[in-house]
Each structure stands twice: as C-alpha cells, then as structure tokens.
Amino acid sequence: MSWLGLLLIGVAVTDLGHSLRPRPWLPEIAGAAAVVVTVLLAGLVGPWDLLAAALVLVVVLGWATAVRHGLDRDRPWLPLTLLGGAVTAAVACAPWAGEGGGPLGEWLAAAPWQALAGVEVGQLLAVTGGLLVQCSTGNLVVRLVLSLTDTTNPVDAAGVGTALKGGRLLGPMERVVILGLGLAGQVTAASLVIAAKGLIRWPEIQSFRRSDGGPSITDVTEYFLLGSFVSWLVALATLVLVMP
C-alpha cells in the first residue's frame, strides 16, 4: 500500500497548495517535495520503490496541469481519467510495493499508542494520504464531475445574491468524519452523518423559489444531490482503498 500512499499524499498536498496558496508551480513543488520527503522517511529506497516514486512525481505534475485544463477548458474527463488510472495502477502493483521502514518505521515501533500497534508503514502512508485527499482533492473531484455532467450551479446561473453556504468547508469535514468512522469500524455511524446532512440542509434548499427571481428548488436539489453523492463516493472509495 506504500505506493498508493505516496500517490495520495502527493496529489493531496498539491491540491491543498492550490487551495491555500494558488501561486504558479508552488503547489506542484510542494506536492513533489511531499513525495520525496515521504520516500525518505518511509525508507522506500529499493529500485522498484524509487521507480514508483518517480512515476508518482510525473502523475502529481500531470494531475495539477490536467485539473487546470479540466476546469478552465471544459476537459473534466482528462484529470479524472488520469487520477483514476493512476490509483488503479497503484492498487494493481501493490504486491510489488516495498514494506517500508526508515525513520517512520522506527517511530511506529516505538509509538506508545495502542491504536498504532502492528500498523505497517505502507498502511500508515495510505491512511494519511486518504485523509489528506478528503480535504481538497475531494472538492476538485466534485467540481470536475459536475462539469463533466454539465451540472452548473443554479445560483450562479441565475445571478442572484444568495447561495448555498459552507459547502466547500462542510464537504471536507464530512468526508473526513465518514472516512474516520469507517476506519474505526463504525460504518453505521458514518451513514448517520450522511443522513444528518440531508436533514440539516433541507430547510436551506427549500428557501429557493422562482417567485423571487432565483433558481427553482428542483435545480438546487439536483445540484446539491449530485455534488453530495460524488463527495460521499470519494470518502467511501477511499475507505475501500486504504482500509487494512
């Protein structure tokens, strides 16, 4: 799982860099640096591990470029295909990935927390990358899928001043909670989080009416449901990938 962890960490750090500091090439450099530092800390210095790390660096740079093209030039399929193909390849090649060690392995062996007992370096990298992906990459995937399906924000399309507030913050928080509960074996509790979001957001969705010149409740509901389902699928798919 170490190669999958490298991939998720590199992509996630790059996307976090774009959301926090959208400067030319700075997020890409941060993502590449995260991959290099992770390789050194995890002791992934075998020939195949170094080759995999080099390929991950290429994917990280390609992902950043493809996202810009996908969001700015109506090519959302390009980054989605790249990310999906890279994740599939990392999972398929998992049997050949190094187990890791290095300073991170020594730290795991000496860690006093019972929750980390028996945890391998590769598992820790995968879980760490999975959690980081929920913070910003998940939002990008949602935006790309909405663009791919030509589902535009009805509030923006109507040109009105009101909007569904907090989605870009609630989405990452919700995905992290779902993934965390899933890793803890509390899948039922994770489903309650999903149900609670719908109940909490429903009054806000109902506030939209055509009578005041804004978008219809049907348009807003479709946009909300599609975005929410894609966001939940990101968390659940990550859970399947990184669960020990």
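Criteria and cut-off values
- Residues numbered from 1 in each chain as written.
- Predicted model: local features only at pLDDT ≥ 70, side-chain atom pairs only at ≥ 80, totals over all residues.
- Heavy atoms only, no water.
- Helix = DSSP H or I, 4+ residues; strand = E, 2+ residues; numbered from the N terminus.
- Buried < 20%, exposed > 50% of the residue type's maximum accessible area, 1.4 Å probe, protein only.
- Contact = heavy atoms within 4.5 Å.
- Salt bridge = Lys/Arg side-chain N within 4 Å of Asp/Glu carboxyl O.
- Expected span 1.5 Å × (residues − 1).
- Axes fitted to C-alpha atoms, helices over the stretch in contact; angles between N-to-C directions.
- Parallel < 35°, antiparallel > 145°, perpendicular 65-115°, else oblique.
- Phe/Tyr/Trp six-rings, centres within 6.5 Å; stacked < 30°, edge-to-face > 60°.
- pLDDT = per-residue confidence, 0-100.
- Core = buried A, V, L, I, M, F, W, Y, C linked by side-chain atoms within 4.5 Å.
- Left-handed = near helix turned anticlockwise from the far one by under 90°.
- Nonpolar A, V, L, I, M, F, W, Y, C, P; charged D, E, K, R; others polar.
- Lys, Arg positive; Asp, Glu negative; His and termini not counted.
- Polar contact = N/O pair within 3.5 Å; in protein donor to acceptor, adjacent residues only side chain to side chain.

Novice: Before we move on, could you go through the overall build of the protein and cite the residues and values that matter?
Specialist: In terms of regular secondary structure, the protein is built from 11 helices and zero strands. Seen in sequence order, the protein has helices and strands lined up from the N terminus as α-α-α-α-α-α-α-α-α-α-α. Per-residue burial over the protein gives 42% buried out of 244 residues. At a minimum sequence separation of 6, the contacts of the protein that also span at least 24 residues come to 73%.

Novice: Give a detailed account of the pattern of salt bridges, specifying residues and quantitative values.
Specialist: If you walk through the whole model with that rule in mind, you get one salt bridge. The shortest N-O distance in the salt bridge between Arg68 and Glu28 comes to 2.7 Å. Placement of the pair is Arg68 in helix 3 (residues 47-72) and Glu28 in helix 2 (residues 26-42), with a sequence separation of 40 residues. By relative accessible area, which is 34% here, Arg68 ends up partly exposed. Taking relative accessible area as the criterion, Glu28 reaches 1% and is therefore assigned buried.

Novice: Would you mind going over helix 6 (residues 121-135) in detail, with residue names and values included?
Specialist: Here helix 6 is 15 residues long and its end C-alpha atoms lie 22 Å apart, about the 21 Å a rise of 1.5 Å per residue gives. For helix 6, the tally of buried residues reaches 11 of 15 residues, placing the bulk of the element in the interior. Of all the residues in helix 6, the buried ones are Val121, Gly122, Gln123, Leu124, Leu125, Ala126, Val127, Gly129, Gly130, Val133 and Gln134.

Novice: Help me get a handle on the packing of helix 5 (residues 102-110) against helix 6, residues and values and all.
Specialist: Helix 6 packs onto helix 5 with a crossing angle of 100° between their chain directions and a minimal axis gap of 10 Å. Considering the angle they form, helix 5 stands roughly perpendicular to helix 6. Here Leu104, Gly105, Trp107 and Leu108 of helix 5 lie close against helix 6, whose contacting residues are Val121, Leu124 and Leu125.

Novice: Report on the packing of aromatic side chains, specifying residues and quantitative values.
Specialist: For the structure shown, the criterion picks out two aromatic pairs. Relative to Trp113, the ring of Trp107 lies with its centre 6.0 Å away and its plane at 50°, an arrangement referred to as tilted. Plain terms: the ring middles of Phe229 and Trp232 are 5.1 Å apart, the flat faces sit at 75° to each other, and that makes the pair edge-to-face. Placement of both Phe229 and Trp232 in helix 11 (residues 217-242) is noted, with a separation of three residues, approximately one turn of the helix. Overall, the relative accessible area of 10% leaves Trp232 in the buried class.

Novice: Mind laying out the confidence of the model for the protein, listing which residues take part and the relevant values?
Specialist: Close reading of the predicted structure is inappropriate where its pLDDT is low. Across the protein, the average pLDDT comes to 85, with 85% of residues at 70 or higher. Here helix 8 (residues 154-158) is the element of the protein with the lowest mean pLDDT, 55, and helix 6 is the one with the highest, 95.

Novice: Break down the nonpolar core for me, with residues and values.
Specialist: Among the nonpolar cores identified, the biggest contains 45 residues, and Leu6, Leu7, Trp63 and Leu125 are the most heavily contacted of them. Elements that contribute at least two residues to this core include exactly helix 1 (2-20), helix 2, helix 3, helix 4 (77-92), helix 5, helix 6, helix 7 (137-148) and helix 11. Here this core gets eight residues from one element, more than from any other, and that element is helix 1. Ignoring anything within four residues of it in the chain, the contact list for Trp63 reads Val11, Asp15, Pro79, Leu82, Leu83, Thr137, Leu140 and Leu144.

Novice: Kindly report on the environment of Gln123, identifying the contributing residues and their values.
Specialist: Looking at where Gln123 falls in the secondary structure, it is placed in helix 6. Not counting residues up to four positions away in its chain, the partners in contact with Gln123 are Met1, Gly118 and Pro244.

Novice: Hey, could you go over the packing of helix 3 against helix 7 for me, with residue numbers and the actual values?
Specialist: Where helix 3 meets helix 7, the closest approach of the two axes is 10 Å, and the angle between their N-to-C directions is 40°. By the angle class used here, helix 3 and helix 7 are oblique. Once helix 3 is placed against helix 7, the crossing between them reads as left-handed. Residue-level inspection shows Trp63, Val67, Gly70 and Leu71 of helix 3 in contact with helix 7, the latter providing Thr137, Leu140, Arg143, Leu144 and Ser147. When its residues are assigned to classes, the contact of helix 3 with helix 7 shows five nonpolar, three polar and one charged.

Novice: Tell me about the side chain of Asp15, and please be specific about residues and values.
Specialist: The residue Asp15 is located in helix 1 in this model. The contact partners of Asp15, leaving out residues within four places of it in the chain, are Trp63, Ser136, Thr137 and Leu140.

Novice: Residues and numbers for the side chain of Arg175, please.
Specialist: One can find Arg175 in helix 9 (residues 167-183). Of the side chains with opposite charge, Glu174 lies nearest to the buried Arg175, which makes no salt bridge, at 5.8 Å. Only 2.8 Å separates the side chain of Arg175 from the side chain of Asn139, close enough to count as a polar contact. If near-sequence neighbours (up to four positions away) are discounted, Arg175 is found in contact with Gln134, Cys135, Gly138, Asn139, Ser231, Val234 and Ala235.

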